[in-house]
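Here is how the chains run, residue by residue.
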Amino acid sequence: MASTKILIIDDEQDVIDLLTLHLRKAGFALSTATDGATGLRLAREESPALIILDLMLPKMPGLEICKVLKTDAATRQVPVLM
């Protein structure tokens, strides 16, 4: 059985490291991005079960990413935790 994939989009490596440590221990598969443009691309390519999204990101702000994801039929059902 494949693990549930979570996408973390945050530009602070300490936050990514902490979330990665605990979520992997809990059995989740993870993908990470440190800027908004890469995060949006990964969200579309990987169809994660959950996205953990920072608001202030380089290249594209988190709120804009969320708006794009929620208007796209392929990603609108993915929960986003900001």
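Let me begin by describing the structure that accompanies this report.

Rules of the game
Counting restarts for each chain, with residues numbered from 1 along the sequence as it is written. Restriction of local features to residues with pLDDT of at least 70 applies here, the model being predicted, together with a cutoff of 80 or more for giving and counting side-chain atom pairs; totals for whole chains, interfaces and linings are based on all residues. Calculation of side-chain values draws on the structure's entire complement of heavy atoms; hydrogens and water are dropped beforehand. Numbering of helices and strands starts at the N terminus; helices are DSSP runs of H or I of at least 4 residues and strands are runs of E of at least 2. Throughout this description, buried means an accessible area under 20% of the type-specific maximum (1.4 Å probe, protein chains only), exposed means over 50%, and partly exposed covers the range between.

1. Here we look at unusual backbone geometry
Right, so step 1: In this model, S47 sits at a positive phi of 45°, which is unusual for a non-glycine residue.
Right, so step 2: Positionally, S47 belongs in the loop between α2 (36-46) and β3 (50-53).
Right, so step 3: Exposure remark for S47: the relative accessible area of 51% places this residue in the exposed category.
Right, so step 4: Phi at K59 is positive, roughly 75°, even though this residue is not glycine.
Right, so step 5: The residue K59 is located in the loop between β3 and α3 (62-71) in this model.

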